[in-house]
Amino acid sequence: MSGATLSDEQYKKQVRAVYVATGYLTIITIAEVVLALTMHGKISSFALTTFFTLLTFWKAYYILGEFMHIKYEKRTLVLSLGLPLVLLIWMLIAYIHDGAALFKAMFDFLNFG
Amino acid sequence: MSEALEISENSAIEQHLNWPTPDNGEGGEPSPIGVSYGKSMMWYFLLSDAFTFTAFLAACLAIRASSPWWPNANDVFNSIPLLEGVKAPMGFVTIMTSILILSSVFIVRAVQEGHRMNKKGVAIWLVGGIIGGILFLGCQALEWTHLIHEGMRPFFNPFVLDAQGVLHVAQSAMNPDTGMREIITNSNNQFIDMHGVAHSFGEGINQSGGPKTFGALFFGITGFHGFHVFTGICLNILLLVKTLSGAFERRGHYEMVEKIGLYWHFVDLVWIFVFLVFYLL
């Protein structure tokens, strides 16, 4: 990014940080797949969904933070991206709630699900 | 911020970190958010793309929430191409996810080599990223082919439950009278699975198949994502050509690699969420 290149030490540190993040991503993915294969009958689907969502957001943190460098960017940039995303989460929850309400309206009288 | 590089505002090369203004032709003014104009615009484009993908995934989740039942991912996605008869639930998609994450790692390494103005390093890691992307698209194509072969279409779903609640892939064909795809039923109104065994339909299920929007959602979202992977590969190839021709050495910085790298990581990020919605939940 500048005419002056990175010092050897900084470079090694950065490379290591990326490989550490990769390690985390691999482990979390394996955990997710193992959970998905073994736990489908055994714990409530709400608990499974929560696990998967949290693990996925953990992975997203590593990709955004290390690979896309957000951990090292200015606060202003991070907030200008993060605040609209809060609206996005709101929209997501609203739509899923809508779907559940639709299910109730269409099928609940049949004692389905 | 200790990892941030020293920015010298007066150097000609650092000019690109300043934002252009109409009044200040040469050099512009310091960026209000710490990154160059081009990079910030890539970030905001990715934000808008995130909205699009989230809208699609929200639609998928809302439709699932309103549906009496939904095919279980472990039962739908359980084969590996070229290994007939091997039951490996989630196996192939795990391989795909690893390929994409690895290609993302290679692109990060390319960006880091760019910070050291190491042309050869950038080129090598870019090649790795491109190959990873092509492999991922190839895997996605195999997955699509397999599902289409099983009868899945945008508005037809051959995955049905039998009377015991077990998921099967029912054989299906185009009905010449209605012009729509239907599950083939025998004289006992049973469906036949891919191994030729007949089963009775589960409650509320008939020859029109499972939830109708399963295919549209799957092909639409993975297809839209695959389109992003494809454009990412094209951009990376362009980047490789420019790197090898020395364009960035002349420019004095490899920031273009960072910008395209951001796009590629976004594609990886979206895949993580597509993986969550379609294969885990």
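Residues numbered from 1 in each chain as written. Chains lettered and ligands numbered in written order. Predicted model: local features only at pLDDT ≥ 70, side-chain atom pairs only at ≥ 80, totals over all residues. Heavy atoms only, no water.

Student: How would you sum up the overall build of chain B? Please name residues and give values.
Tutor: Along its length, chain B carries seven helices and eight strands. Taking 281 residues into account, the globule formula puts the C-alpha radius of gyration at 19 Å, and chain B, at 24 Å, lies well above it. For the C-alpha atoms alone, the extent of chain B along its principal axes is close to 85 × 40 × 35 Å. Burial status across chain B gives 53% buried among its 281 residues. Within chain B, contacts between residues separated by at least 24 positions form 64% of all contacts whose residues are at least 6 apart in sequence. Here chain B displays about 12,200 Å² of accessible surface, and carbon together with sulfur accounts for 63% of that area. Considering chain B, the positive charge centre built from 14 side chains and the negative charge centre built from 22 side chains are found 8 Å apart. (Helix = DSSP H or I, 4+ residues; strand = E, 2+ residues; numbered from the N terminus. Rg over C-alpha atoms; globule rule 2.2 N^0.38 Å. Buried < 20%, exposed > 50% of the residue type's maximum accessible area, 1.4 Å probe, protein only. Contact = heavy atoms within 4.5 Å. Areas by Shrake-Rupley, 256 points an atom, 1.4 Å probe, with all protein chains shown as cover. Lys, Arg positive; Asp, Glu negative; His and termini not counted. Charge placed at Lys NZ, Arg CZ, Asp CG, Glu CD.)

Student: So what about a nonpolar patch on the surface? Which residues, and what values?
Tutor: Residues and elements named next belong to chain A. A grouping of Val20, Tyr24, Trp58 and Tyr61 is seen on the molecular surface, where their side chains present a nonpolar patch of about 380 Å² in accessible area. Sorting the residues of the nonpolar patch by element identifies helix H1 (8–38) and helix H2 (45–67) as the ones contributing at least two each. Take valine 20: it is sitting in helix H1. A residue is classified by how much of its surface remains accessible, and valine 20, at 35% relative accessible area, is partly exposed. (Patch = residues over 30% accessible without salt bridge, like charges linked within 9 Å, V, L, I, M, F, W, Y side chains within 5 Å. Salt bridge = Lys/Arg side-chain N within 4 Å of Asp/Glu carboxyl O.)

Student: Summarise the pattern of salt bridges; cite the residues concerned and give the values.
Tutor: By the definition in use, this model includes six salt bridges over all chains. Its salt-bridge partner being arginine 116 of chain B, residue aspartate 8 of chain A comes within 2.3 Å of it at the nearest N-O pair. Highlighted residues: aspartate 8 of chain A in helix H1 and arginine 116 of chain B in the loop between helix H3 (91–115) and helix H4 (119–149), drawn from two different chains. The class for arginine 116 of chain B is partly exposed, based on a relative accessible area of 25%. What emerges from the salt-bridge pattern is a single network uniting Glu73 of chain A together with Lys39 and Glu258 of chain B.

Student: Describe the interface of chain B and chain A, and please don't skip the residues or the numbers.
Tutor: Every contact between the two is made by 61 residues of chain B and, on the other side, 55 residues of chain A. Here chain B packs against chain A, burying approximately 5,500 Å² in sum over the two surfaces, 72% of which is carbon and sulfur. At the boundary of chain B and chain A, one finds two salt bridges. Here lysine 39 of chain B and glutamate 73 of chain A are joined by a salt bridge, their closest N and O atoms 3.5 Å apart. (Buried area = accessible area lost by both parts, 1.4 Å probe.)

Student: Kindly report on the nonpolar core, identifying the contributing residues and their values.
Tutor: In terms of nonpolar packing, the biggest core is built from 85 residues, with Trp271, Phe278 and Tyr279 of chain B touching the most fellow members. When neighbours within four sequence positions are excluded, tryptophan 271 of chain B is seen to be in contact with Val93, Met96, Thr97, Leu100, Phe136, Gln140, His225 and Tyr279 of chain B. Counting residues in hydrophobic clusters, the runner-up holds twelve residues, among them Val18 and Ala60 of chain A together with Leu269 and Ile272 of chain B. (Core = buried A, V, L, I, M, F, W, Y, C linked by side-chain atoms within 4.5 Å.)

Student: Tell me about the packing of aromatic side chains, and name the residues and values.
Tutor: Tallying each qualifying case throughout the model produces 24 aromatic pairs over all chains. A centroid spacing of 4.4 Å and a plane angle of 45 degrees characterise the contact between phenylalanine 77 of chain B and tyrosine 279 of chain B, whose relative ring orientation is tilted. Here tyrosine 279 of chain B lies in helix H7 (residues 255–280) and phenylalanine 77 of chain B lies in the loop between helix H2 (73–76) and strand E1 (79–80), a separation of 202 residues in the sequence. The two residues phenylalanine 77 of chain B and tyrosine 279 of chain B agree in class, both being buried. Plain terms: the ring middles of phenylalanine 218 of chain B and phenylalanine 278 of chain B are 5.5 Å apart, the flat faces sit at 90 degrees to each other, and that makes the pair edge-to-face. A residue pair is termed long-range when its members are at least 10 positions apart, and phenylalanine 218 of chain B in helix H5 (residues 214–244) and phenylalanine 278 of chain B in helix H7 qualify at 60 residues. Classification of phenylalanine 278 of chain B by relative accessible area gives buried; the value is 6%. Over the ring of tyrosine 11 of chain A we find arginine 116 of chain B; its NZ or CZ atom is 4.0 Å from the centre of that ring. (Phe/Tyr/Trp six-rings, centres within 6.5 Å; stacked < 30°, edge-to-face > 60°. Lys NZ or Arg CZ within 6 Å of the ring centre and 35° of its normal.)

Student: Outline the state of the cysteines, supporting the account with residue identities and numerical values.
Tutor: Residue and element names in this part refer to chain B. One pass over the full model with this rule turns up zero disulfides over all chains. Sulfur of cysteine 139: no disulfide; nearest cysteine sulfur belongs to cysteine 234 and is 18 Å away. We classify cysteine 139 as buried; its relative accessible area is 10%. (Disulfide = S-S within 2.5 Å.)

Student: Go over the pairing of strand E2 (residues 83–87) of chain B, please, and point to the residues and values.
Tutor: Residue and element names in this part refer to chain B. Across the five residues that make up E2, only a small minority, zero, are buried. Bridge count for E1 against E2 is two bridges, and the pairing is antiparallel. Paired with isoleucine 80 across the two strands is leucine 83, which belongs to E2. Once E1 ends, the chain turns through two residues before running back antiparallel as E2, passing leucine 82 with a positive phi of about 70 degrees. (Pairing = 2+ DSSP bridges.)

Student: Go over the packing of helix H3 (residues 75–107) of chain A against helix H1 (residues 37–65) of chain B with me, naming the residues and quoting the values.
Tutor: Following both chains from N to C, one finds H3 of chain A and H1 of chain B inclined at 15 degrees, their axes separated by 8 Å at the closest point. Accordingly, the angle class assigned to the pair H3 of chain A and H1 of chain B is roughly parallel. Considering how the two elements wind past one another, H3 of chain A and H1 of chain B form a crossing that is right-handed. A per-class count over the contact of H3 of chain A with H1 of chain B returns 21 nonpolar, three polar and no charged. (Axes fitted to C-alpha atoms, helices over the stretch in contact; angles between N-to-C directions. Parallel < 35°, antiparallel > 145°, perpendicular 65-115°, else oblique. Left-handed = near helix turned anticlockwise from the far one by under 90°. Nonpolar A, V, L, I, M, F, W, Y, C, P; charged D, E, K, R; others polar.)

Student: Go over the environment of leucine 79 of chain A, please, and point to the residues and values.
Tutor: Position of leucine 79 of chain A among the secondary structure elements: in helix H3. On a C-alpha basis, the gap between leucine 79 of chain A and phenylalanine 57 of chain A in space is 17 Å, while along the polypeptide they are 22 residues apart.

Student: Residues and numbers for the packing of H1 of chain B against H5 of chain B, please.
Tutor: Residues and elements named next belong to chain B. Running from amino to carboxyl end, H1 crosses H5 at an angle of 165 degrees, the nearest separation of the two axes being 10 Å. Classified by the interaxial angle, the pair formed by H1 and H5 is roughly antiparallel. Between H1 and H5 lies a crossing of left-handed hand. The residues of H5 that touch H1, namely those facing Asp49, Thr52, Phe53, Phe56, Leu57, Cys60 and Ile63, are Leu217, Ile221, Phe224, His225 and His228.

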